[in-house]
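Fold and contact review
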Amino acid sequence: MVSNIIFLLLTLGAGIFFALNIRKIIQKIKLGKSVDRTDQKKLRWKTMAKVAMGQSKMTRKPIAGTFHIFIYLAFVITQIELIEILVDGIFGTHRFFQPSLGGLYVLSISIIEILSVLALIATFVFLARRNLLKIPRFQMPEMKGWPKLDGNIILYMEFVLVMCIFTMNGTDEVLFARGESHLAGEGSLGFAVSSWFGPMVFGGMETSTLHILERVGWWGHIIMVFSFLNYLPFSKHLHILLAFPNTFFSKLTPMGKMTNMESVTKEVKLMLDPAADPFAAPAPEEGAVPQRFGAKDVNDLSWVNILNAYTCTECGRCSEACPANTTGKLLSPRKIMMDVRDRAEELGEGIRKNGADYNDGKSLLGDYITEEELWACTSCNACVQECPVLIDPLEIILDLRRFLVMEESKMPAELATMNTNIENNQAPWQFSPTDRLNWKDEA
Amino acid sequence: MSNIKVPTMAEMMAAGEKPDVLFWVGCAGSFDDRAKKITKAFVKLLNHCNVKFAVLGTEESCTGDPARRAGNEFLFQMQAMMNIQVLDGYEINKIVTACPHCFNTLKNEYPDLGGNYEVVHHTQLLEQLFNDGILKVEGGSFKGKKITFHDPCYLGRGNGEYEAPRMVLEKLDAELVEMKRCKSKGLCCGAGGAQMFKEAEKGNKEINVERTGDALATNPNIIATGCPFCNTMMTDGVKSFNKEEEVEVMDIAEMIANAADL
């Protein structure tokens, strides 16, 4: 009875703490400007099903992709077992579904066990890739310190989780064989892995020890699940949840298309309209903040950009494919995403504690992202193409450039010249527009 | 004097005629010495196939692509709206261009500002001409040569067109070899996002050298391109490897025109 109450309190506590932290993240995502991404619902659902559920972009890297799918499947299928753990925990039952489901139960647990073994192998492979093989994309400068530790903590947790599952099932197999389990029957429970793993590892132990170990495995499992759940909001691992909304709200237009700035369109139309009377425009409201062109801070970006940042799991496929990064330039699209997330955290926390007018004198541009990074981008869309969860770092880079150019007139001198040439000669080079058709008569 | 026929929209209009397609030459195609050769090769093909086309000539203006990507949205929209006025004034429906940057901007970005046209890349038009049986070539000097195609970002990733340039190249009876990084994984030449007009940021290598390395690893006779900027970058890249004697950088239009003895 006491354990039921402890379990219930633990579950409620974990649920509430998680919900509160998710709410905070939603508030931070909402720092971004509004943008409508609710059109073409059918295509959006399809994209989410294919890319997030179907992991369709993961296997662009066959090794990492395959092992990731192992962990993904194990994670998804294990949720079935979680239902039973919740039922058992609240009502004090033991393997509640076993008697009624029979063969189907054995099949379900066996599938979970096989996938758990695959996930365990994947965990070791991933730990090795990060720490022994030192795959370059995990060694880039932005991966020092917490991001590196974060990546490893998740893998350690996965390891412990799988160990708990096999301790729980393995000891139960031995207990069952001895007729000491809480389940009726004899012989073996028939679980694919623990029916032989259990006797092999736990076979020589005392029954009383096994009972304790079985509980350690059971409680360990659920405690790991709750810990994992509550670790998510503080970790890059949040992608396991946000990948779904992130793919749903992703950009559906061709990658080459840049977002149009409506605010600029209005002004340009006014400038080009000979009949327009500039004094006829309504005077701006008293105290109204003029709209900023481009983005200086996270709240100048769209909420989708910030959602992108919280979804990023720092895999670095973007930076690995980035031509600027590949050739030693400062730009790393992954760092751009991490900067947006870290700044949204900082500003969001400040606003939460001090109110909406909070200003810490810092900004995304300058304090996190430098101009040199922005001017290294070739807008080639390789980062966008490689992201397995449809994050778009390019949109952020270009919005920051827009601020630099339109608000601060800061740009490399050659680009200022290029702009002047376009304005005066209708071409980025200093040629006379009247010579535009000269090629026709040249030999 | 060359023997190409290049009617302008103004001339066509004066004659009471309307072209089937407008050839948007672009700034590089109009002013850059290397790119002008591509422009002429493509015009020769249009003439050869009796395509009823016209150019805007001096009425053409930068699409605004590099200004927009360099952050100057005002300048882009000014350019776009002026161009849309000209295009709509001539009631243009269909545009072909040999520049993927112009292609992307006209196709994807002008509609937001009221300019709606059917826009095709020149390799797409050439593919169509081949499919319709209007254009026919034999391999000619390209027969048996090794050709590798460098995907322009704004044609490939930007707009999902990987096949048209390859379909056209296949007509040359040559050996088409792919680079390790190709199609959606293709590496940029380094010119996009207005980089063409500025020095590269500090790094340990030039992007065009990195990319030319990919191309040269296939041991090609010719590096085929579909973008005037890629062409410049790859040509410079080949020079940096001192391979300009052995490896040529050519636009697909130049290769087809050459094979058709134009």
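Model, not experiment: these values are computed from the prediction. (Residues numbered from 1 in each chain as written. Chains lettered and ligands numbered in written order. Predicted model: local features only at pLDDT ≥ 70, side-chain atom pairs only at ≥ 80, totals over all residues.)

Some details on the overall build of chain A
The helix and strand tally for chain A stands at 19 helices and zero strands. Whereas a compact globule of 443 residues would reach a radius of gyration of roughly 22 Å, chain A reaches 28 Å, over 25% beyond that. If one aligns the C-alpha atoms of chain A with their principal axes, the spans along those axes are about 95 × 60 × 40 Å. Out of the 443 residues in chain A, the part that is buried amounts to 40%. Contacts in chain A between residues at least 24 apart in sequence constitute 78% of all its contacts with a sequence separation of at least 6. (Helix = DSSP H or I, 4+ residues; strand = E, 2+ residues; numbered from the N terminus. Rg over C-alpha atoms; globule rule 2.2 N^0.38 Å. Buried ≥ 20, exposed ≤ 12 C-beta atoms within 10 Å, placed from the backbone. Contact = placed C-beta atoms within 7 Å.)

Brief notes about the overall build of chain B
For chain B, the helix and strand inventory stands at eleven helices and eight strands. Whereas a compact globule of 262 residues would reach a radius of gyration of roughly 18 Å, chain B reaches 18 Å, a difference of no more than 12%. Considered along the principal axes of its C-alpha atoms, chain B spans approximately 50 × 45 × 35 Å. Buried residues in chain B amount to 58% of all 262 residues. In chain B, the share of contacts with a sequence separation of at least 24, taken over all contacts with a separation of at least 6, comes to 79%.

What about the UniProt feature "transmembrane region" (unreviewed entry) in chain A?
The residues that UniProt annotates with the feature "transmembrane region" (unreviewed entry) are residues 6-23, 63-83, 103-128, 149-168, 188-204 and 216-234 of chain A. Counting secondary structure, residues 63-83 of chain A comes out at 100% helix and 0% strand; the distance between its end C-alpha atoms is 32 Å. (UniProt positions renumbered as here; feature names shortened; annotations may be inferred.)

Re the sheet that holds strand 3 (residues 94-97) of chain B
The strands making up a sheet associate through hydrogen bonds between their backbones, and the pairing can be parallel or antiparallel. Residues and elements named next belong to chain B. Read across the sheet, four strands follow the order 2-1-3-4 without closing on themselves; strand pairing throughout is parallel. Lying at the two open borders of the sheet, with one neighbouring strand each, are strand 2 (53-54) and strand 4 (118-121). Bridge count for strand 3 against strand 4 is four bridges, and the pairing is parallel. Bridge pairing in strand 4 links Val96 to Val120. Lying over the sheet, helix 6 (residues 100-109) contacts strand 1 (21-24), strand 3 and strand 4, oriented at roughly 160° with respect to strand 4. (Pairing = 2+ DSSP bridges. Axes fitted to C-alpha atoms, helices over the stretch in contact; angles between N-to-C directions.)

Some words on the environment of Leu75(B)
Along the chain, Leu75(B) falls in helix 5 (residues 73-89). Taking the C-beta count within 10 Å as the criterion, Leu75(B) has 24 such neighbours and is therefore assigned buried. The spacing of Leu75(B) and Glu163(B) is 88 residues in sequence and 33 Å in space, taken between C-alpha atoms. In this structure Leu75(B) touches Asn419(A), Ile422(A), Glu423(A), Gly64(B) and Ala67(B), once residues within four positions along its chain are discounted.

What about the pairing of strand 1 of chain B?
Residue and element names in this part refer to chain B. Alignment of strand 1 against strand 2, held across two bridges, turns out to be parallel. Bridging across to strand 2, Val21 finds its partner in Phe53. Here strand 1 pairs with strand 3 via three bridges, running parallel. The residue bridging Trp24 from the neighbouring strand is Thr97, located in strand 3.

What to know about the domain arrangement of chain B
Residues and elements named next belong to chain B. Splitting chain B by domain gives domain 1 (9-127) and domain 2 (137-259). Centre-to-centre, using C-alpha coordinates, domain 1 lies 23 Å away from domain 2. Each side of the interface is counted separately: domain 1 has 26 residues, and domain 2 has 26 residues. Listing elements by their share of the side of domain 1 that touches domain 2, those giving two or more residues are helix 2 (26-31), helix 3 (33-48), helix 4 (65-69), helix 6 and helix 7 (122-131). (Domains from an automatic or database assignment.)

So, the nonpolar core
Nonpolar side chains tend to gather and get buried jointly when the protein is soluble and globular. Of all hydrophobic cores here, the largest spans 148 residues; its most connected members are Ile306(A), Val340(A), Leu400(A), Leu22(B), Ala224(B), Ala253(B) and Ile256(B). The residues contacting Val340(A), other than those within four sequence positions of it, are Val298(A), Leu301(A), Asn305(A), Ile306(A), Ala309(A), Leu364(A) and Ile396(A). Counting 30 residues, the second-largest nonpolar core is a separate cluster that includes Ile71(A), Ala74(A), Ile85(A) and Leu213(A). (Core = buried A, V, L, I, M, F, W, Y, C linked by C-beta atoms within 7 Å.)

Examining unusual backbone geometry
Despite not being glycine, Ser409(A) shows a phi value in the positive range, around 50°. Relative to the assigned elements, Ser409(A) resides in the loop between helix 18 (393-408) and helix 19 (413-425).

A few points about the interface of chain B and chain A
Listed as interface residues are 59 residues of chain B and, on the opposing side, 58 residues of chain A. Secondary structure elements with two or more residues in the side of chain B that touches chain A: helix 2, helix 3, helix 4, helix 5, helix 6 and helix 9 (207-216) of chain B. Among the elements that make up the side of chain B that touches chain A, the one with the highest residue count is helix 5 of chain B (seven residues). Among the residues making up the side of chain B that touches chain A, the classes are represented as 21 nonpolar, 22 polar and 16 charged. (Nonpolar A, V, L, I, M, F, W, Y, C, P; charged D, E, K, R; others polar.)

Structural notes on the domain arrangement of chain A
By convention, interface size is frequently given as the accessible area that disappears when the constituent parts associate. All names here are of chain A. The domain architecture assigned to chain A consists of domain 1 (2-21 + 39-236) and domain 2 (293-408). Taking only C-alpha atoms into account, the centre of domain 1 sits 34 Å from that of domain 2. Facing the twelve residues of domain 1 at the interface are 15 residues of domain 2. Here the side of domain 1 that touches domain 2 is built from residues that sort into six nonpolar, no polar and six charged.

Brief notes about the packing of helix 2 (residues 41-53) of chain A against helix 9 (residues 239-248) of chain A
When two helices pack together, their arrangement is given by the angle between the helix axes and the distance between those axes. Residue and element names in this part refer to chain A. Running from amino to carboxyl end, helix 2 crosses helix 9 at an angle of 140°, the nearest separation of the two axes being 8 Å. Comparing the axis directions of helix 2 and helix 9 gives the class oblique. The handedness of the crossing between helix 2 and helix 9 is right-handed. On helix 9, the residues that touch Arg44, Thr47, Met48, Val51 and Ala52 of helix 2 are Ala243, Phe244, Thr247 and Phe248. Tallied by class, residues from the contact of helix 2 with helix 9 come to six nonpolar, two polar and one charged. (Parallel < 35°, antiparallel > 145°, perpendicular 65-115°, else oblique. Left-handed = near helix turned anticlockwise from the far one by under 90°.)

Some points on the sheet that holds strand 8 (residues 248-251) of chain B
Residues and elements named next belong to chain B. The four strands lie next to each other as 6-5-7-8, forming an open sheet whose pairing is parallel. Strands with a single pairing partner mark the edges of an open sheet, and in this sheet they are strand 6 (175-176) and strand 8. Two strands pair when backbone bridges link them, and strand 7 (residues 222-225) and strand 8 are joined in this way by four bridges, in the parallel orientation. Each bridged residue has a counterpart across the sheet, and for Ile223 the counterpart in strand 8 is Val249. In the packing of helix 8 (residues 163-170) onto the sheet, contacts are made with strand 5 (146-149), strand 6 and strand 7, and the angle to strand 5 comes to roughly 170°.

Considerations on helix 1 (residues 2-29) of chain A
Relative to the 40 Å expected for 28 residues at 1.5 Å per residue, helix 1 of chain A spans 40 Å between its end C-alpha atoms, a close match to the ideal helical length. Along helix 1 of chain A, the residues classified as buried are Ile25(A), Lys28(A) and Ile29(A). (Expected span 1.5 Å × (residues − 1).)

Topic: the UniProt feature "domain: Cysteine-rich" (unreviewed entry) in chain B
With numbering matched to this structure, UniProt assigns "domain: Cysteine-rich" (unreviewed entry) to residues 21-107 and 147-234 of chain B. What you have in residues 21-107 of chain B is 60% helix and 11% strand, and the ends, taken at the C-alpha atoms, are 14 Å apart.

Focus on helix 7 of chain B
Residues His122(B), Thr123(B), Gln124(B), Leu125(B), Leu126(B) and Glu127(B) constitute the buried set of helix 7 of chain B. Looking at the buried residues of helix 7 of chain B, the elements they touch are helix 3, strand 3, strand 4, helix 8 and helix 11 (252-259) of chain B.

Comments concerning the confidence of the model for chain B
In the predicted model, chain B carries a mean pLDDT of 96, and 99% of its residues have values of at least 70. As scored by the predictor, the complex reaches a pTM of 0.95 and an ipTM of 0.96. (pLDDT = per-residue confidence, 0-100.)

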